[in-house]
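Coordinates in review
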Amino acid sequence: MKEVRTRFAPSPTGYMHIGNLRTALYGYLYAKKQGGKFILRLEDTDSKRYVEDAVQIIYDTLRDAGIEYDEGPDVGGEYGPYIQSQRAEIYQAYAKKLVELGGAYYCFCDKERLESLKDENGVGRYDKHCLHLSKEEVEAKLAAGVPYVIRQNIPAEGSGTYEDLVYGTVTVDYKDIEDGVLLKSDGLPTYNFANVIDDHLMGITHVIRGSEYLSSTPKYNLMYDAFGWKRPAYIHLPPIMKNSHEKLSKRNGDASYQDLVAKGYIKQAIINYIALLGWSPKSNQEKMTLDELKENFSLSGLNKSPSIFDEPKLRWLSGEYIREMSAEEFAALAMPFLQKSKAYGKYPEEKLLKMVQPRVEVLEEIPSKLDFLEEYGPFDPALYFNKKMKSDAEIAKKVLPAAREVLAGLENFENAALYEALVALAQREGMKNGQVLWCVRIALTGRENTPGGASEMAELLGKERCLQRIDAALAALNG
RNA sequence: GGCCCCGUGGUCAAGCGGUCAAGACAUCGCCCUUUCACGGCGGUAACACGAGUUCGAUUCUCGUCGGGGUCACCA
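What comes next is a walk through the structure. (Residues numbered from 1 in each chain as written. Chains lettered and ligands numbered in written order. Predicted model: local features only at pLDDT ≥ 70, side-chain atom pairs only at ≥ 80, totals over all residues. Heavy atoms only, no water.)

Some words on the state of the cysteines
For the coordinates displayed, the defined rule picks out zero disulfides. In this structure cysteine 107 is a free cysteine whose sulfur lies 3.8 Å from that of cysteine 130, the closest cysteine sulfur available. Free cysteine cysteine 109: the closest other cysteine sulfur is in cysteine 130, separated by 3.5 Å. (Disulfide = S-S within 2.5 Å.)

Below, the structure written as structure tokens:
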């Protein structure tokens, strides 16, 4: 059997959208699963839409996400060039050949005539006017330098059918397809033409793309047939939606891959999550590395209905990845975010990191989880109240002075020692552990919730700050 | 509007004629616990609707409704 070759063919018009990335991912996964090749090709035939950094963003995103292409503009390959704007002569030659084969024809109609074909709603189809030009007339106009395009000659009757690997049999009547432009007057091909020529020339066996091409695929097949080429297998993918009726798009300000990374979602989690949008593994295991995805990917798991991008689930997955990281891995990723916290530089880094690792799902949450350390100030004494701990402000008044004494006399200011000392205090006073622990933690932080208990907070703050804060808390209570 | 496609809980998503209709996220409750988080356990929650076909339909067919896509010298 022939080697599987898939391709990702983005148009460099801006950022990498989640949907595009998923298309690339599936193409990559499928090729790798089959032991084949994955190719990157740039479809930049629309000079008007070209965006400067877009090409670099495509390279960077793919690389960053771990999606490696075997052939492409910046890595080479034997089917290059992989940038369509550099293949103009190729398309022109094939366009002429298609004209000879009867699959296309020259069209000299000007904009006005084309406009006149449309009704008041701007809807109207080309009427094959130039198809009926004689060979001599065409030669004459060509020789006279009349601007032209080459149009595909769609049969007036009949229909085209193909088997999509996810959608099944798709049929479209030829009468519903227009004689589209294949070669523009600027000499560059339209997508409709370039993708067919390139996919064939580059040996693409499986075309994986968005479902927006579902109903235009029959016209591509017409070209494959006219040239006598083997049609590729088609795998159309349902869109990723923002909600039930809007597609996810950068234009609407929806998150792109780089936006998500910037927020601190773990890359593997993003890839893992988007793999799950529209595809489901045979097993119930959802958390998978890229390698595991490669191993488990199969077309039969592809879904044909649109899926909505659900950030909460991405968050969860991201959190799963964070929790399983080593302290070193986490530190490397978390540092830029930690530096944005008010607590940065004022407390031991490792302690801060250790405290936060099991409590964040997205790295950008780090500052807000730690800032409170530097925001200590007057607080509502009602915080001392906790039903389950059987604690309140009155208890605090009794606990705090004693706790201060204990802390002040403590040599070893480490979590375990602190905990032991505080619990011993509770015993001595005939109180519940929680009464002491709760009051101390509140006095130390002024917060109902903190990323650690009383002893952990005390260790982090250090003896000096602990004593200061307890004094302040006591003063407020008695004042 | 024509044509193409889609329709299982709030979301993702198994299912492929006979199931008490999986699982995950979210949500709610309980447990664990020095608060929170983590972790453990459990609950609420779905086959869009209507006709067929069939002994039997979430699964097959048709229609309705709903949604998406496409009708460019954009991809």
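A look at the packing of aromatic side chains
Taken as a whole and judged by the stated rule, the model has 16 aromatic pairs. With 6.4 Å between their ring centres and 15° between their planes, tyrosine 106 and phenylalanine 108 make a pair best called stacked. Overall, tyrosine 106 belongs to the buried group, its relative accessible area being 12%. Phenylalanine 108 gets classed as buried once you look at its relative accessible area, which sits at 10%. Grouped by ring-pair contacts, the aromatic residues Tyr94, Tyr224, Phe227 and Trp229 constitute a single cluster. Over the ring of tyrosine 321 we find lysine 287; its NZ or CZ atom is 4.4 Å from the centre of that ring. (Phe/Tyr/Trp six-rings, centres within 6.5 Å; stacked < 30°, edge-to-face > 60°. Buried < 20%, exposed > 50% of the residue type's maximum accessible area, 1.4 Å probe, protein only. Lys NZ or Arg CZ within 6 Å of the ring centre and 35° of its normal.)

Considering the sheet that holds strand E7 (residues 181-183)
Taken in spatial order, the three strands of this open sheet run E3-E4-E7, and their pairing is antiparallel. Each edge of the sheet is formed by a strand with only one pairing partner; in this case those strands are strand E3 (104-107) and E7. Here the strands of the sheet are splayed against their neighbours by 45° on average, with no regard to which way each runs. Packing of helix H3 (residues 88-100) onto the sheet brings it into contact with E3, strand E4 (149-152) and E7, and relative to E3 it is tilted by some 105°. (Pairing = 2+ DSSP bridges. Helix = DSSP H or I, 4+ residues; strand = E, 2+ residues; numbered from the N terminus. Axes fitted to C-alpha atoms, helices over the stretch in contact; angles between N-to-C directions. Contact = heavy atoms within 4.5 Å.)

Topic: the packing of helix H1 (residues 18-33) against helix H9 (residues 267-276)
Between two packed helices, the angle of one axis relative to the other and the distance separating the axes together describe the packing. Packing of H1 against H9 leaves a shortest axis separation of 10 Å and a crossing angle of 85°. Between H1 and H9, the crossing angle belongs to the class labelled roughly perpendicular. The segment H1 lies against H9, with Ile18, Leu21, Arg22, Leu25 and Tyr26 engaging Ile271, Ile274 and Ala275. Broken down by class, the residue content of the contact of H1 with H9 amounts to seven nonpolar, no polar and one charged. (Parallel < 35°, antiparallel > 145°, perpendicular 65-115°, else oblique. Nonpolar A, V, L, I, M, F, W, Y, C, P; charged D, E, K, R; others polar.)

Focus: the protein's contact with RNA strand B
Near RNA strand B lie 61 residues; those nearest to it are Lys184, Arg359, Lys388, Gly452 and Ala454. Within the side chain of arginine 359, one N or O atom sits 2.3 Å away from a base nitrogen of RNA strand B. The separation between a phosphate oxygen of RNA strand B and a polar side-chain atom of tyrosine 419 is 2.7 Å. Listing elements by their share of the surface near RNA strand B, those giving two or more residues are strand E6 (168-173), helix H6 (191-201), strand E12 (307-308), helix H11 (311-323), helix H16 (415-429), helix H17 (433-445) and helix H18 (454-478). For the surface near RNA strand B, the element with the highest residue contribution is H11, accounting for five residues. (Near = heavy atom within 4 Å. Polar contact = N/O pair within 3.5 Å; in protein donor to acceptor, adjacent residues only side chain to side chain.)

Observations concerning the pattern of salt bridges
Taken as a whole and judged by the stated rule, the model has 31 salt bridges. Among the ionic pairs, aspartate 225 bridges to arginine 231, the shortest N-O distance being 2.8 Å. Put simply, glutamate 374 and arginine 465 hold a salt bridge, and the shortest N to O gap is 3.9 Å. Here arginine 465 lies in helix H18 and glutamate 374 lies in the loop between helix H14 (366-370) and helix H15 (393-408), a separation of 91 residues in the sequence. (Salt bridge = Lys/Arg side-chain N within 4 Å of Asp/Glu carboxyl O.)

Regarding the nonpolar core
Counting 111 residues, the largest nonpolar core has Leu62, Phe330, Ile366, Tyr384 and Leu400 as the members making the most contacts within it. Counting residues per element, this core draws most heavily on H18, which supplies eleven residues. Every residue in contact with tyrosine 384, bar those within four places of it in the chain, is listed here: Phe379, Ser391, Asp392, Ala393, Ala396, Leu400, Trp438, Cys439, Ile442, Ala443, Ala473 and Leu477. (Core = buried A, V, L, I, M, F, W, Y, C linked by side-chain atoms within 4.5 Å.)

So, the environment of methionine 241
When you line up the elements, methionine 241 lands in strand E10 (residues 240-243). For methionine 241, a relative accessible area of 11% corresponds to the buried category. A sequence separation of 65 residues divides methionine 241 from proline 306, and the C-alpha atoms of the two residues are 6.6 Å apart. In this view, methionine 241 contacts Glu246, Lys247, Leu248, Pro306, Ser307, Ile308 and Phe309; residues no more than four positions away in its chain are not counted.

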